[in-house]
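# Observations on the model geometry
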Amino acid sequence: MVFWIASGVLNTWTFEYNSVLFVLRTFRPSLNNRAHTTLSSLNRFRSLFTLFQGMAAASETRKKLAGYEFYREVLGSPKYVVAPMVDQSELAWRRLSRRYGAQLIYTPMINAKARQMTVSRRANTDFLSQMWTEQKHQSYRVGAFDIASGEEGSLEGDRPLIIQFCGNDPEKLLKAAKDLEGHCDAVDINLGCPQDIAKKGKYGAFLMDDWDLVYRLINILHENLSIPVTAKFRVFPTVEKTVEYAKMLERAGAQILTCHGRLREQRGQNAGLADWSKIRAVKEAVSVPVFANGNILFQSDIQRCLEETGCDGVMSAEGQLYNVALFNGLVSAVSPATEETPSTSSASSSSITPITPLTHPNHADLALEYLEIAHSLRTRTAISAIKGHLFKIMRPALSRETDLRERLGRAKVDQKAWERGRGRGIADEDSPIREYVSVCREMKVRMDKARKEGSLSGKTLEELVEVDEKTGLRVLPHWLAQPYVRGVGNGKVKEKDAVDQPVVIPAKRSGDPETVLEDVGKRVKLCA
Ligand SMILES: Cc1cc2nc3c(=O)[nH]c(=O)nc-3n(C[C@H](O)[C@H](O)[C@H](O)COP(=O)(O)O)c2cc1C
């Protein structure tokens, strides 16, 4: 502490020192030499302090905090957490999410094996082999982490951040995690991905059958990384086994557990509801912080979940993707996003979320804001990610505005041009994603008109809310950001839908753009 203060004083001093010299040189050349000698000896002190400051910083980073100490002091006690999402929790989305109240965000899952190959190939000077790697891992790169841009994981705009890996080889996992440990606050292991790709690669939820391997995967990171390791997992059919598993994860060294309250078999059409009672049992059984994952769609679900599970935070994936303002207004009295005083300074425990511009802004505005961020970054945002976000954000209106839906579905973007054109700003008519911008602007015009007509009807927003017959959930006016709930599946796993059931990927991606989106969704939704 003393070093920091002293160094701050001396830093200011250097500025003064240069200014004094400049003034003396200009107006009193005779005093220049004496002043210079005195000032430069003082400046030597400054160098010494800078050295001590470096040493203090180094010893600080060496101190690895654990459990609640880590949760509080490094992460800042986050309650509102954005889930790891392949192709969707990328940097641009993280920036937008932080503006709207997200306190901690996970990167999309990174495959440890693929990252390791890419890193070792990059170290090789053979240009052709690099090209080969780049092409071979094109799809992996979509979820990769771009250190070179200096933006991903930066202290200024991308923290707190947890980088998620998947893998089944402890040594490879460690090497990949070591490569990125300086760019995040912790490393997470994906133990919950239930998709066929995970079954084939034996990672994610398919490690639930090999507890010894899971222990070693966590433990090697716990023992060798300078930052903590955390784990995200699904529940077992019984509470007892779920609790036993969670305790094993803690023993192995996991410092935060995220418990997704669905079974490995609850995916796609059979996702159904998450079981919060199992999450509660986990929370009661371990002594590290626990995040609850599943069933968070409206703000009112957040407090209910925290109360019912006793967890330290809630994690949302789909609810937050469809409404990035899900966590807005919960943290501070004045929201940075809209600068309005929120009606709820902490999550209301009422069963219904009040519909305010804070929690349900106009979706076209959010879409434009997202595009503006994507434009402003040096880091490349994958076109698949952009398209996925736009379809989800504006979903409430796309079934009405079918011409816009079609334009969005058919918009072609030259990836290379997009990479060259990034950072130009949204107004640039040369932007390679100008068609997306144009669709969102047109959507904004139409939604502003719809909102005006809505308010002219004399009804309040609450009165404009309808209830979906199939799901029983509230459907808000179509210009507002809101969750999307597929009215299928009951969470009960039928034998024919069990894990072995293949995901059907249509050979042809044509036809109705929304169907295409669903297909894209199925393909990128590697871990839902
Ligand atoms: C588009 C998408 C991508 C996902 N990718 C990942 C991932 O990379 N790693 C992971 O552990 N879970 C992933 N998931 C699962 C979510 O993190 C989360 O566990 C799951 O969706 C349940 O939360 P929810 O009910 O809030 O959607 C993904 C989910 C979605 C919707």
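Quick caveat, the model's predicted, so the values are computed rather than measured.

Okay, helix 11 (residues 239-252) next. In this model, helix 11 (14 residues) spans 20 Å end to end at C-alpha, consistent with the 20 Å of a helix rising 1.5 Å per residue. Among all positions of helix 11, only Thr242, Val243, Tyr245, Ala246, Met248, Leu249, Glu250 and Ala252 are buried. Turning to helix 11, the residues buried within the fold contact strand 5 (186-191), helix 10 (211-224), strand 6 (229-234), strand 7 (254-260) and helix 12 (276-285). One or two residues past the end of helix 11 sits Gly253, with phi positive at roughly 125°.

For the ligand, the set of nearby residues contains 20 residues, the closest of which are Val86, Gln164, Lys232, Asn293 and Ala317. Asn190 is positioned with one of its side-chain polar atoms (N or O) 3.4 Å from a nitrogen atom of the ligand. One of the backbone nitrogen or oxygen atoms of Ala317 is found 2.8 Å away from an oxygen atom of the ligand. For the ligand, the accessible surface in isolation is 600 Å², of which the surrounding protein chains cover 96%. Across the shell around the ligand, the residue classes tally to 8 nonpolar, 8 polar and 4 charged.

Turning to the pairing of strand 5, a few remarks are in order. For strand 5, the tally of buried residues reaches 6 of 6 residues, placing the bulk of the element in the interior. Burial along strand 5 is two-sided: Ala186, Asp188 and Asn190 facing one way and Val187, Ile189 and Leu191 facing the other are all buried. Pairing of strand 4 (residues 161-166) with strand 5, which is carried by 4 bridges, proceeds in the parallel orientation. In the sheet register, Ile162 faces strand 5, and the bridge partner there is Ala186. At this point the chain moves from strand 4, through helix 8 (residues 170-180), to the parallel strand 5, and the crossover so formed is right-handed. The sheet contact formed by strand 5 and strand 6 spans 5 bridges and is parallel. Its bridge partner being in strand 6, Ile189 is matched across the sheet by Ala231.

Let us now look at the environment of Ile105. Mapped onto the fold, Ile105 is located in strand 2 (residues 104-106). Judged by relative accessible area, which is 0%, Ile105 ranks as buried. In contact with Ile105, other than residues within four places in its own chain, are Val82, Arg94, Ser97, Arg98, Pro160, Leu161 and Ile162.

Quick look at helix 18 (residues 402-410) now. Within the span of helix 18, buried status applies to Leu404, Arg405 and Leu408. Each buried residue of helix 18 sits inside an arc of 100° when the element is viewed along its axis, so together they form one side.

Scanning all chains against the criterion turns up 9 aromatic pairs. Ring geometry for Tyr71 versus Phe291: centroids 6.2 Å apart, planes at 55°, classification tilted. Linking Tyr71 in helix 3 (residues 67-73) with Phe291 in strand 8 (residues 290-293), this pair joins segments that are 220 residues apart in sequence. You can call Phe291 buried: its relative accessible area is 0%. Measuring from ring centre to ring centre gives 5.0 Å for Phe236 and Tyr245, while their planes differ by 75°; the resulting arrangement is edge-to-face. Neither residue differs from the other here; Phe236 and Tyr245 are each classed as buried. Cluster of aromatic residues (ring-pair linked, three or more members): Trp211, Phe233, Phe236 and Tyr245.

A separate point is the packing of helix 12 against helix 13 (residues 299-309). The contact between helix 12 and helix 13 brings their axes to 8 Å, and the two run at 50°. Put simply, helix 12 runs oblique to helix 13. Along its contact with helix 12, which presents Trp276, Ile279, Arg280 and Lys283, the element helix 13 presents Asp301, Arg304, Cys305, Glu307, Glu308 and Thr309. Class assignment of the residues belonging to the contact of helix 12 with helix 13 gives a composition of 3 nonpolar, 1 polar and 6 charged.

This paragraph deals with the environment of Ala254. For Ala254, the location among the structural elements is in strand 7. Once residues within four sequence positions are removed from consideration, Ala254 is found in contact with Ile218, Val229, Thr230, Ala231, Leu249 and Val288.

Moving on, we come to the pattern of salt bridges. Tallied over the entire structure, the rule returns 28 salt bridges. For the salt bridge of Asp301 with Arg304, the shortest nitrogen-to-oxygen distance reads 3.0 Å. With Asp301 and Arg304 both in helix 13 and 3 residues apart, the pair spans about one turn of that helix. On the basis of relative accessible area, Arg304 is assigned to the partly exposed category, the value being 34%. When the shortest N-O distance is used, the salt bridge between Arg451 and Asp448 registers 3.9 Å. Here the residue Arg451 and the residue Asp448 both occupy positions in helix 20 (residues 434-456), the gap between them amounting to 3 residues, near one helical turn. Residue Asp448 is classed as partly exposed on the basis of its relative accessible area, which comes to 22%. Connected via shared salt-bridge partners are Arg94, Arg98, Glu152 and Asp158.

So, on to the confidence of the model for the protein chain. Detailed conclusions should not be drawn from predicted coordinates in areas where pLDDT is low. Per-residue confidence for the protein chain gives a mean pLDDT of 80, with 71% of residues at or over 70. Note on residues 56-60: pLDDT under 50 across the span, and 2 contacts to partners over four residues away in sequence or across chains.

In this section: the side chain of His375. Take His375: it is sitting in helix 15 (residues 363-376). Once residues within four sequence positions are removed from consideration, His375 is found in contact with Trp418, Arg422, Gly423, Arg424, Gly425, Ile426, Ser431, Ile433 and Val437.

What makes a disulfide is a covalent bond joining the sulfur atoms belonging to two cysteines. On inspection of all chains with the given rule, the structure shows 0 disulfides. Take Cys311: it sits in no disulfide, and the sulfur closest to it among the cysteines is that of Cys305, at 6.3 Å.

Rules used throughout
Residues numbered from 1 in each chain as written. Predicted model: local features only at pLDDT ≥ 70, side-chain atom pairs only at ≥ 80, totals over all residues. Heavy atoms only, no water. Helix = DSSP H or I, 4+ residues; strand = E, 2+ residues; numbered from the N terminus. Expected span 1.5 Å × (residues − 1). Buried < 20%, exposed > 50% of the residue type's maximum accessible area, 1.4 Å probe, protein only. Contact = heavy atoms within 4.5 Å. Near = heavy atom within 4 Å. Polar contact = N/O pair within 3.5 Å; in protein donor to acceptor, adjacent residues only side chain to side chain. Areas by Shrake-Rupley, 256 points an atom, 1.4 Å probe, with all protein chains shown as cover. Nonpolar A, V, L, I, M, F, W, Y, C, P; charged D, E, K, R; others polar. Pairing = 2+ DSSP bridges. Right-handed = clockwise from strand over helix to strand, strands pointing away. Arc of directions from axis to C-beta. Phe/Tyr/Trp six-rings, centres within 6.5 Å; stacked < 30°, edge-to-face > 60°. Axes fitted to C-alpha atoms, helices over the stretch in contact; angles between N-to-C directions. Parallel < 35°, antiparallel > 145°, perpendicular 65-115°, else oblique. Salt bridge = Lys/Arg side-chain N within 4 Å of Asp/Glu carboxyl O. pLDDT = per-residue confidence, 0-100. Disulfide = S-S within 2.5 Å.

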